[in-house]
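Understanding the architecture of this molecule
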Amino acid sequence: MAILELKHVEKGFRHRKRGDYTSILSDINLQIEEGEFLAVIGYSGSGKSTLISLLSGLTTPDAGVVLLDGREALQPGPDRGVVFQNYGLLPWLCVRRNIRLAVDSLHSEWTETERNEHAEKYMAMVNLTEAADKRPGQLSGGMRQRVALARTLAMEPRILLMDEPLSALDALTRATLQEEIVRIWERDRRTAVLITNDIDEAILMADRIIPLTAGPAASLGPEFRIDLPRPRDRKSISGDPAFRRLKMKITQYLLSPECRRMESAAAIAADKKRTAA
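Residues numbered from 1 in each chain as written. Predicted model: local features only at pLDDT ≥ 70, side-chain atom pairs only at ≥ 80, totals over all residues. Heavy atoms only, no water.

Attention now moves to the environment of Leu 228. Tracing the backbone shows Leu 228 in the loop between strand E10 (224-225) and helix H7 (234-238). Spatially, the C-alpha atoms of Leu 228 and Asp 207 are 8.7 Å apart, while their sequence positions differ by 21 residues. Non-local contacts of Leu 228, meaning those with residues more than four positions away in its chain, are made with Ile 203, Asp 240, Ala 242 and Phe 243. (Helix = DSSP H or I, 4+ residues; strand = E, 2+ residues; numbered from the N terminus. Contact = heavy atoms within 4.5 Å.)

Our next topic: the pattern of salt bridges. With the rule as written, the count across this model stands at 21 salt bridges. Its salt-bridge partner being Glu 36, residue Arg 208 comes within 2.6 Å of it at the nearest N-O pair. Taken together, the positions of Arg 208 in strand E9 (residues 208-212) and Glu 36 in the loop between strand E2 (21-32) and strand E3 (37-42) put the pair 172 residues apart, joining distant regions of the chain. Each of the two residues, Arg 208 as well as Glu 36, counts as buried. Across the pair Glu 223 and Arg 225 runs a salt bridge, and its minimum N-O distance is 3.0 Å. Assessed through its relative accessible area of 36%, Glu 223 is described here as partly exposed. Among the charged side chains, a salt-bridge network with shared partners connects Arg 97, Arg 100, Asp 104, Glu 112 and Arg 115. (Salt bridge = Lys/Arg side-chain N within 4 Å of Asp/Glu carboxyl O. Buried < 20%, exposed > 50% of the residue type's maximum accessible area, 1.4 Å probe, protein only.)

The next thing to look at is the pairing of E2. Put simply, side chains in a regular strand alternate between the two faces of the sheet. Taken together, the eight bridges between strand E1 (residues 4-14) and E2 define a ladder with antiparallel strand orientation. Following the sheet pairing, Arg 14 is matched in E2 by Tyr 21. (Pairing = 2+ DSSP bridges.)

In space, the six strands of this open sheet follow the order E6-E7-E8-E3-E9-E10, with mixed pairing throughout. What marks the edges here is a single partner per strand, and that holds for strand E6 (80-83) and E10. As paired strands, E9 and E10 are joined by two bridges and run antiparallel to one another. In the sheet register, Ile 209 faces E10, and the bridge partner there is Phe 224.

Moving on: the sheet that holds strand E5 (residues 71-72). Across the sheet, which stays open at both edges, the four strands sit in the order E2-E1-E4-E5 with antiparallel pairing between neighbours. For this open sheet the edge positions go to E2 and E5, each flanked by a neighbour on one side alone. Here E1 pairs with strand E4 (residues 63-68) via five bridges, running antiparallel. Residue Lys 7 lies in a different strand from E4, and its bridge partner there is Val 65.

Once that is clear, we can look at empty space enclosed by the protein. This model, assessed by the stated rule, comprises one cavity of 30 Å³ or more. The volume enclosed by the largest cavity comes to roughly 30 Å³. Lining the largest cavity we find Leu 153, Leu 160, Ile 181, Ile 184, Trp 185 and Arg 190. When residues in the lining of the largest cavity are grouped by element, the largest group, three residues, is from helix H5 (residues 171-188). A per-class count over the lining of the largest cavity returns five nonpolar, no polar and one charged. (1 Å grid on protein atoms, 1.4 Å probe; cavity = no way out; pocket = protein on both sides within 12 Å on 5 of 7 lines; lining within 4 Å. Points joined across faces, edges and corners; volume = space filled by probe spheres on them. Nonpolar A, V, L, I, M, F, W, Y, C, P; charged D, E, K, R; others polar.)

As a packed pair, helix H2 (residues 95-106) and helix H4 (residues 141-154) sit with axes 8 Å apart at the nearest point and diverge in direction by 30 degrees. With respect to their mutual orientation, H2 and H4 come out roughly parallel. In terms of crossing hand, the pair formed by H2 and H4 is right-handed. Contacts between H2 and H4 involve Val 95, Asn 98, Ile 99, Ala 102 and Val 103 from the first element and Val 147, Ala 150, Arg 151 and Ala 154 from the second. The residue makeup of the contact of H2 with H4, split by class, is seven nonpolar, one polar and one charged. (Axes fitted to C-alpha atoms, helices over the stretch in contact; angles between N-to-C directions. Parallel < 35°, antiparallel > 145°, perpendicular 65-115°, else oblique. Left-handed = near helix turned anticlockwise from the far one by under 90°.)

Quantified by volume, the largest pocket comes out at close to 310 Å³. As for the largest pocket, its lining consists of 18 residues, of which Arg 80, Gly 81, Val 82, Phe 84 and Met 155 are closest to the centre. Counting only elements with at least two residues in the lining of the largest pocket, the list comes to E6 and H4. With four residues, E6 is the largest single contributor of residues to the lining of the largest pocket. Each residue belonging to the lining of the largest pocket can be placed in one class, and the counts come to 10 nonpolar, six polar and two charged.

In structure tokens, the structure reads:
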């Protein structure tokens, strides 16, 4: 049984003045298996962040259902940790205290020493021990994202949800953090979902890739299984024929009319009306 599942999920918004409904995601069916690393890839504005919000419980579907362990998940919980695009750090707190926010909220019964040791463990995991007493303003963008990652990992969620966490970083920092995230994931193989618009990143990190079609009313396309052996080295797989074939297939799908021309019912009706005229 899937650990996290979406069944016929629809999500959109209703215009305040006009009153009409615009679909963001339409008929989303997704099964995420325990221990897998899934990447969802798609265009900007296609609804990727909305999908993460649904998986995390930060928003509820307009139709359909989100299931966690086979039961309807109606609200967020510590079993699903989210790493967002923006760091979300409190600027007046040091690295240790920003990570402690998550620890304190979940383990108020622990002693001060136990909470510090727990925070130290995850600071070390993302190589931030030496920056423990620095504030966010003293850190680079990559280091801030490490703090955000460590804070989420310190919650020890069963499912790690990542909403384009590396998109704002330079290429070298992004590559380093990709390797760090995979290294951490391989320690205990907790379920991970990565939202990205980078095909190379998805192939390097994930077990399975599912494209999200262009919106409005975006839906999920066909899945692509990644059979490249782990650990994956960026230099070696870039010249691998299997890597190049897989990248070409995903690129071709993302550029196909099937993926790019997803229209709302209103747009289709307008097309038919114009054609009839």
